[in-house]
Amino acid sequence: MIGKDDVTYIARLARLNLSETEIKEFTGQLDEVIEYVRQLDSAPTQGVEPTAFVAPKHDPFRDDIARPSLPPEELLANGPEVKKGFFAIPKVIKQ
């Protein structure tokens with residue numbers, strides 16, 4: 001069973017500041033999720049081969065074939081500012 005301390009610990013790891021109301025709400029929700037997942041322990045899986053996809057003949061990845069791309073000039077034309085052949089963006093990290 002998930003308790004208040006568990007939710008507080010998870011929230012701290014996720015760097016979330018939760019109110020007492022949210023902690024209480026999430027405690028119940030996480031407990032329901034864990035209980036639902038526990039039901040999978042009773043699923044009959046003997047003799048079932050592990051698979052990466054539910055439909056083994058389905059391949060969701062396309063062939064890795066090199067194809068022509070847009071010319072750099074055409075790509076860079078979409079940017080607001082270009083310097084030395086690259087998109088110029090404002091600095092976001094202070095030194």
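Residues numbered from 1 in each chain as written. Predicted model: local features only at pLDDT ≥ 70, side-chain atom pairs only at ≥ 80, totals over all residues. Heavy atoms only, no water.

1. Comments concerning the overall build of the protein
Part 1: Along the protein, the regular secondary structure elements total three helices and two strands.
Part 2: Starting at the N terminus, the α and β elements of the protein follow one another as α-α-α-β-β.
Part 3: Of all 95 residues assigned to the protein, the portion counted as buried reaches 8%.
Part 4: Put simply, of all contacts in the protein between residues at least 6 apart along the chain, 23% involve residues at least 24 apart. (Helix = DSSP H or I, 4+ residues; strand = E, 2+ residues; numbered from the N terminus. Buried < 20%, exposed > 50% of the residue type's maximum accessible area, 1.4 Å probe, protein only. Contact = heavy atoms within 4.5 Å.)

2. Quick look at the packing of helix H1 (residues 4-13) against helix H2 (residues 20-38)
Part 1: Close contact between H1 and H2 brings their axes to 9 Å; oriented N to C, the two are set at 105 degrees. In this view, H1 runs roughly perpendicular relative to H2, as classed from their interaxial angle. On the side of H1, the interface is formed by Lys4, Val7, Thr8 and Ile10, while H2 contributes Glu20, Ile23, Phe26, Thr27 and Leu30. (Axes fitted to C-alpha atoms, helices over the stretch in contact; angles between N-to-C directions. Parallel < 35°, antiparallel > 145°, perpendicular 65-115°, else oblique.)

3. Let's talk about the pattern of salt bridges
Part 1: Within this structure, the stated rule accounts for three salt bridges.
Part 2: Where Lys4 meets Glu20, a salt bridge forms, and the shortest distance between an N and an O atom there is 3.1 Å. Remark: Glu20 occurs in helix H2 and Lys4 occurs in helix H1; sequence separation between them is 16 residues.
Part 3: Between Arg38 and Glu35 there is a salt bridge whose closest N-O contact spans 3.7 Å. Taken together, the residues Arg38 and Glu35, both in helix H2 and three residues apart, mark about one turn of the helix.
Part 4: Classification of Glu35 as partly exposed rests on a relative accessible area of 42%. (Salt bridge = Lys/Arg side-chain N within 4 Å of Asp/Glu carboxyl O.)

4. Considering the side chain of Thr27
Part 1: Looking at where Thr27 falls in the secondary structure, it is placed in helix H2.
Part 2: Accessibility expressed as a relative area gives 16% for Thr27, which makes it buried.
Part 3: A polar contact of 2.6 Å, which involves the side chain of Thr27, links it to the backbone oxygen of Ile23.
Part 4: If sequence neighbours within four positions are ignored, Thr27 has contacts with Ile2, Gly3, Lys4 and Val7. (Polar contact = N/O pair within 3.5 Å; in protein donor to acceptor, adjacent residues only side chain to side chain.)

5. As for the confidence of the model for the protein
Part 1: Averaged over the protein, the pLDDT score is 87; the fraction of residues at 70 or greater is 89%.
Part 2: Within the protein, no element has a lower average pLDDT than helix H3 (residues 72-76), which sits at 90, and none a higher one than H1, at 95. (pLDDT = per-residue confidence, 0-100.)

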